[in-house]
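Letter by letter, the chains look like this.
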Amino acid sequence: MKKVAVLVSGGGTNLQALIDAQEQGKLKNGEICCVIASKPGVYALERADRAGIPYDVVARKHYASAEEFDHALCEKLGGYQPDLIVLAGFLCILGKEILSQYANRIINIHPSLIPAFCGDGFYGLKVHEAVLASGVKMTGATVHFVNEVTDGGAIIAQKAVAVQEGDTPEVLQQRVMREAEWKLLPYAVSLFCEGAIQVKDGKTVIDQSKRQEESE
Ligand code: GRF
C-alpha cells in the first residue's frame, strides 16, 4: 500500500474526490496518509477531519522565503514518509529541496489541456477566464508530474470538456472539475500506486498490465 500526502490551499473538492475514491475502494494500492494546507482555516481541512485523515498546516505566510517554506514542508512531510505527493488545488510553487527529495513522485491537477492555458499566472478562475476569452470550443483538465517548470512535468492523463454557449468562468470551472478533475485525479493516483506509470524521454507510458481488476 502506497502512502499519499495531499497538499491543499482551498476548498478541497479534488481532495474530496480522492477521499470518496478511497472510501469506494477505487484508490488502488494507495492510502491518503495526510493532508497539509498552505494556510489555516481552509475547507479542505474540514474534509480531512471528517474523513479521519491526519492534517497539518504549513502556512506560507509564516516563512520569509520560498526556500524556508519548502524546507518546513519537507520537514512536515518527513514525519509521514509519503510515497506520493498530490497537489490538489495547492497554490504555492515548490522549490528545489522538495522537488529533488520527491523527484517523479509529485503530481498536480491543472484545469486545462496542457500545454494550453498553463504556466505562471494560470490558476483557479484565471484559467477559465482565459479559455473563454480565447474562444476555444474545448478545454479540460490535465494530471501531470511536477518538475521545476510550472505545469511543465510529464503528462499522465487528460480529459476534454466542451465549452458551452453562455458559460461564465465559474460555470465552466465547475464543469471542468465535475467532468474532468475529480475523475482524473483518483485515476492518476491509482496508476501511480499500482506502479503502472513509466516515464521515458519526458513522456509517460501507462502499463495497463500492472493495473488491478476494477472493483465492481
Ligand atoms: C480549482 O480551480 C481547480 O480547478 C484547481 O484548483 C482549484 C481549487 O481546487 N485544481 P480544490 O477545490 O481546492 O480542489
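Below you will find a few notes about this structure. (Residues numbered from 1 in each chain as written. Predicted model: local features only at pLDDT ≥ 70, side-chain atom pairs only at ≥ 80, totals over all residues. Heavy atoms only, no water.)

### Quick word on the site of the ligand
Here comes step 1: If you check the shell around the ligand, you find 13 residues, and the closest are Gly12, Thr13, Asn14, Gln173 and Glu181.
Here comes step 2: In this structure, Thr13 approaches the ligand through a side-chain N or O atom, which is 2.6 Å from an oxygen atom.
Here comes step 3: Contact between the ligand and Glu181: an oxygen atom at 2.7 Å from a side-chain N or O atom of the residue.
Here comes step 4: Among the secondary structure elements, those contributing two or more residues to the shell around the ligand are α1 (13-23) and α6 (169-193).
Here comes step 5: A per-element tally of the shell around the ligand places α6 first, with three residues.
Here comes step 6: Classifying every residue of the shell around the ligand by side-chain character gives four nonpolar, eight polar and one charged. (Near = heavy atom within 4 Å. Polar contact = N/O pair within 3.5 Å; in protein donor to acceptor, adjacent residues only side chain to side chain. Helix = DSSP H or I, 4+ residues; strand = E, 2+ residues; numbered from the N terminus. Nonpolar A, V, L, I, M, F, W, Y, C, P; charged D, E, K, R; others polar.)

### Concerning the pattern of salt bridges
Once their charged atoms are close, side chains differing in charge can pair, the charge on each being opposite to the other.
Here comes step 1: Across all of its chains, the model carries four salt bridges by this definition.
Here comes step 2: Notably, a salt bridge pairs Lys210 with Asp207, separated by 3.8 Å at the nearest N-O pair. (Salt bridge = Lys/Arg side-chain N within 4 Å of Asp/Glu carboxyl O.)

### Some remarks on the pairing of strand β4 (residues 84-87)
Here comes step 1: Neither face of β4 is open: one carries Leu84 and Val86, the other Ile85 and Leu87, and all of them are buried.
Here comes step 2: With four bridges joining them, strand β1 (residues 2-8) and β4 adopt parallel strand pairing. Counterpart to Ala5 in the pairing with β4 is Ile85.
Here comes step 3: In terms of strand pairing, β4 meets strand β5 (residues 106-110) through three bridges, oriented parallel. Directly across from Val86, in β5, lies its bridge partner Ile107.
Here comes step 4: Between the parallel pair β4 and β5, the chain is carried across by helix α4 (residues 96-101), and the sense of this crossover is right-handed. (Buried < 20%, exposed > 50% of the residue type's maximum accessible area, 1.4 Å probe, protein only. Pairing = 2+ DSSP bridges. Right-handed = clockwise from strand over helix to strand, strands pointing away.)

### Regarding the side chain of Arg211
Here comes step 1: Secondary-structure assignment places Arg211 in the segment after β9 (203-206).
Here comes step 2: With residues near it in sequence (within four places) discarded, Arg211 still touches Lys28, Tyr187, Ser190, Leu191, Glu194 and Ala196. (Contact = heavy atoms within 4.5 Å.)

### Some points on the sheet that holds strand β3 (residues 55-57)
Here comes step 1: Pairing is mixed in the open sheet, where seven strands are placed in the order β3-β2-β1-β4-β5-β6-β7. Taken across any chain shown, the strands that pair with only one partner, and hence form the sheet edges, are β3 and β7 (155-162). Across the sheet, the axes of successive neighbouring strands diverge by a mean angle of 20°, strand direction being ignored.
Here comes step 2: Pairing geometry for β1 and strand β2 (residues 30-37), over seven bridges, is parallel. Considered in β2, the bridge of Val4 is made with Ile32. (Axes fitted to C-alpha atoms, helices over the stretch in contact; angles between N-to-C directions.)

### A look at the nonpolar core
Here comes step 1: Counting residues in each nonpolar core, the largest one holds 44 residues, and the members touching the most others are Val6, Val35, Val86, Ile107, Ile156 and Val189.
Here comes step 2: At ten residues, α6 tops the list of elements feeding residues into this core.
Here comes step 3: Excluding residues within four positions of it along the chain, Val189 makes contact with Val4, Leu18, Leu27, Leu84, Val86 and Ile107.
Here comes step 4: Among the nonpolar cores identified, the runner-up in size contains 22 residues, and Ala5, Ala72, Ile85 and Leu94 belong to it. (Core = buried A, V, L, I, M, F, W, Y, C linked by side-chain atoms within 4.5 Å.)

### Points about the environment of Arg211
Here comes step 1: Assessed through its relative accessible area of 17%, Arg211 is described here as buried.
Here comes step 2: Put simply, Arg211 and Val4 are 207 residues apart on the chain and 18 Å apart in space, counted from C-alpha to C-alpha.

### So, the packing of aromatic side chains
Here comes step 1: Under the defined criterion, the tally for this structure stands at two aromatic pairs.
Here comes step 2: Both rings, one in Tyr63 and one in Phe69, keep their centres 6.1 Å apart while their planes meet at 55°; by these two values the pair is tilted.
Here comes step 3: For the pair Phe145 and Phe192, a centre-to-centre distance of 6.4 Å together with 65° between the ring planes defines the contact as edge-to-face. Remark: Phe192 occurs in helix α6 and Phe145 occurs in strand β6 (residues 138-145); sequence separation between them is 47 residues. Judged on exposure class, the residue Phe145 and its partner Phe192 are both buried. (Phe/Tyr/Trp six-rings, centres within 6.5 Å; stacked < 30°, edge-to-face > 60°.)

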